[in-house]
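Residue-level listing of the chains:
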Amino acid sequence: MKQKTKTKRFSRGTLRLLREQLRRSLFAKYFAACAIVMLLSFMILSIALIVFSVRYSSGQKHQLFSQNARTIAQFAQGYNELGPDGNRQLSNLIGLFAQTIDADIYLVQTNGSVVIGRISTTDRLNIASPDMSIPASVMNTIAKSDTDFYEQSGELGGFYNRPYLTVGTSIKDNNGQIIGAVFVSSRADSMLKYMRDIFRVFVFCVAVVLLFTFAAIYYVTQRLVRPLRQMAGAARSFAEGDFNIRVPVGEPDEIGQLAVAFNNMASSLVSLEEMRRSFVANVSHELRTPMTSIAGFIDGILDGTIPQEKQGYYLEIVSDEVKRLSRLVYSLLNIARIEAGEVHIQQSTFNVAETIKRVMVGFEYAVGEKHLMVEGMDVLADMQLTVLADPDVTHQILFNLVENAVKFSNEGGTVSITTASRGRRVFVSVRNTGMGIPAQDLPHVFERFYKTDKSRSTDHKGVGLGLYIVRSMLLLQGQDITVKSMEGQYCEFVFTLEKA
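Heads up: these notes are all about the structure in this document. Only a predicted model underlies this, so the values are computations on that prediction, with no experimental measurement involved. (Residues numbered from 1 in each chain as written. Predicted model: local features only at pLDDT ≥ 70, side-chain atom pairs only at ≥ 80, totals over all residues. Heavy atoms only, no water.)

1. Focus: the pairing of strand β4 (residues 164-172)
Right, on to step 1. With eight of its nine residues buried, β4 lies for the most part within the structure.
Right, on to step 2. Alignment of β4 against strand β5 (residues 178-187), held across nine bridges, turns out to be antiparallel. The residue of β5 that forms the bridge with threonine 166 is serine 185.
Right, on to step 3. Hairpin connection of β4 to β5: five residues between the antiparallel strands, including glycine 176 at a positive phi of 85°. (Buried < 20%, exposed > 50% of the residue type's maximum accessible area, 1.4 Å probe, protein only. Helix = DSSP H or I, 4+ residues; strand = E, 2+ residues; numbered from the N terminus. Pairing = 2+ DSSP bridges.)

2. Section: the packing of aromatic side chains
Right, on to step 1. Using the criterion set out here, one finds eight aromatic pairs in the structure.
Right, on to step 2. Relative to tyrosine 160, the ring of phenylalanine 159 has its centre 5.0 Å away and its plane inclined at 85°; by these criteria the two rings are edge-to-face.
Right, on to step 3. Both rings, one in phenylalanine 297 and one in tyrosine 314, keep their centres 5.0 Å apart while their planes meet at 45°; by these two values the pair is tilted. One end of the pair, phenylalanine 297, is in helix α7 (residues 254-302); the other, tyrosine 314, is in helix α8 (residues 308-339), with 17 residues separating them in the sequence.
Right, on to step 4. What makes tyrosine 314 partly exposed here is its relative accessible area of 22%. (Phe/Tyr/Trp six-rings, centres within 6.5 Å; stacked < 30°, edge-to-face > 60°.)

3. Quick look at helix α12 (residues 391-407)
Right, on to step 1. With 17 residues, α12 extends 24 Å between its outermost C-alpha atoms, agreeing within 8% with the 24 Å of an ideal straight helix rising 1.5 Å per residue.
Right, on to step 2. Along α12, the positions that sit buried rather than exposed are Val393, Thr394, Gln396, Ile397, Leu398, Asn400, Leu401, Val402, Asn404, Ala405 and Val406.
Right, on to step 3. Between a side-chain oxygen at the N-terminus of α12 and the backbone nitrogen of aspartate 392 the separation is 3.0 Å; the capping residue is aspartate 390. (Expected span 1.5 Å × (residues − 1). Polar contact = N/O pair within 3.5 Å; in protein donor to acceptor, adjacent residues only side chain to side chain.)

4. Observations concerning the pattern of salt bridges
Right, on to step 1. Within the structure shown, the criterion is met by four salt bridges.
Right, on to step 2. With a closest N to O distance of 2.9 Å, lysine 357 and glutamate 354 form a salt bridge. Note that lysine 357 and glutamate 354 are positioned in helix α9 (residues 352-361) at a spacing of three residues, about one turn of the helix.
Right, on to step 3. Judged by its relative accessible area of 19%, lysine 357 is buried.
Right, on to step 4. Judged by relative accessible area, glutamate 354 falls into the partly exposed class, the value being 32%.
Right, on to step 5. Here arginine 431 makes a salt bridge to glutamate 492, at a shortest N to O gap of 3.5 Å. Within this pair, whereas arginine 431 is found in strand β10 (residues 425-433), its partner glutamate 492 is found in strand β12 (residues 490-499), the two being separated by 61 residues in sequence.
Right, on to step 6. For glutamate 492, a relative accessible area of 12% gives the class buried. (Salt bridge = Lys/Arg side-chain N within 4 Å of Asp/Glu carboxyl O.)

5. So, α9
Right, on to step 1. The buried fraction of α9 is high, at seven of ten residues.
Right, on to step 2. Restricting attention to buried positions, one finds in α9 the residues Val352, Ala353, Thr355, Ile356, Lys357, Val359 and Met360.
Right, on to step 3. Looking at where α9 begins, the residue whose side-chain oxygen comes 3.2 Å from the main-chain nitrogen of alanine 353 is asparagine 351.

6. Things to note about the sheet that holds β4
Note: strands within a sheet are paired through backbone hydrogen bonds, in either parallel or antiparallel orientation.
Right, on to step 1. With antiparallel pairing, five strands are arranged side by side in an open sheet as β2-β1-β5-β4-β3. On the outer flanks of this sheet lie β2 (114-118) and β3 (149-154), each paired with one strand and no other. Strand-to-strand, the axes of this sheet are offset by a mean angle of 15°, without reference to chain direction.
Right, on to step 2. As paired elements, strand β1 (residues 104-109) and β5 share six bridges and run antiparallel to each other. Bridge pairing in β5 places isoleucine 105 opposite valine 184.
Right, on to step 3. Here helix α5 (residues 136-144) sits on the sheet and contacts β1, β3, β4 and β5; the angle it forms with β5, its principal contact strand, is near 115°. (Axes fitted to C-alpha atoms, helices over the stretch in contact; angles between N-to-C directions. Contact = heavy atoms within 4.5 Å.)

7. Things to note about a nonpolar patch on the surface
Right, on to step 1. On the surface, a nonpolar cluster with roughly 570 Å² of combined accessible area is contributed by Ile36, Leu40, Met43, Ile44, Ile47 and Val51.
Right, on to step 2. With respect to the helices and strands, the residue isoleucine 36 is situated in helix α2 (residues 26-79). (Patch = residues over 30% accessible without salt bridge, like charges linked within 9 Å, V, L, I, M, F, W, Y side chains within 5 Å. Areas by Shrake-Rupley, 256 points an atom, 1.4 Å probe, with all protein chains shown as cover.)

8. Describing the nonpolar core
Right, on to step 1. One finds Ile397, Leu401, Val402, Ile481, Val483, Phe493 and Phe495 to be the most contacted residues of the largest nonpolar core, which totals 46 residues.
Right, on to step 2. Broken down by element, this core gets its largest block of residues, seven residues, from α12.
Right, on to step 3. Residues within four places of valine 402 in sequence aside, it is in contact with Val359, Met360, Phe363, Ile417 and Val430.
Right, on to step 4. One finds Leu93, Ala98, Ala103 and Ile105 within the second-largest nonpolar core, a separate group that totals 21 residues. (Core = buried A, V, L, I, M, F, W, Y, C linked by side-chain atoms within 4.5 Å.)

Encoded structure:
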């Protein structure tokens, strides 16, 4: 019953875990997280790209305007001395420069009046100055500047009625006196158009990249989630009692390892379920058989079916069956204590030879009744073989093994107990002659309720738990037990203890 509870708790706990994982929608969370990270990354990248592009473009435009303003100022110094022909040639040159750099260029006198200007029709509408003259405040700024250089992003002191990017420089004669200035201007919103164009190209590229990225994330996420959904379905089947479902194992990654572990868990659940059913069936049989005998004999005595002179005989049988039930309950309690971890090993040093002699004294009557020969006791009489173990547990182990040896020995057979010391271990052997154990049964003798005599006609008193308890107690002490047998000849159990 305890295994049944463990199995249910195990499968329900697994089912609850997988349900919670899927309830949180691992696919949606993973996909959303990847999508958010991608969008934020592209957003930050786009902002950084646009900011750096605008700064770079603005810097390049300032540098371009400055170079052209200086070049035109240098040309203006020479052409100013040529008269009308020089002005005409300078005007053509300024027009070529304005067309090349897509900007308005003004050649002005010191009072701000425009001598030569190349202005587009659209930009002409944005000029607020009715007399086409640069404000005196701008000219004074150039005159007072140490670099004779002017730079502004605005309305050029009221010359324009909307923001313009303007770069200007002074024109000097051979004596170093300022005789005019050159201004190169371009609408500030042209940068906005440039930014919009960059943004459109970037958005298109991002949309294409995101489309392929989301498709890849969707595919990968589906592959990650599919095994979990299969495990959830399998766990639901486990909760309903069907442990035959297995999850396909894909790639040897973490999900694949989880699938392997899940299938191993399923196999363990199948084994536990089989053990539980076998346990329930065996306990039911062991309880039903003596209880049926007890009830039948008592009913026969009460209703007079059994004559009075035979009642004593049948009451002895009833007493034996009651004792058998008592041994079964005691063994089951021991198993429950062992599996619950309530059996605490209290190790100490003692002479195991003395323990063997005390155990054999308790079987003197049974040995004499079957006329058995006991070998090895004379060797153990004066032996000092000190071990480190739990004395009470060791006594119970020896008692169970000697009881089986005496029980299954043939009439007039031999029971031998020997010890040997090798390294840090002491080996204790309990051997008896008799029917032995068939080879096909040897791997199962330490299982609960296992009996080599399937009809249970040979061992009326045993319940098939003694060897299971022996092995469990040895494992608690870090030791083990082995069995050797030849059918029709002998059977030998050898267990180990730690040498003190």
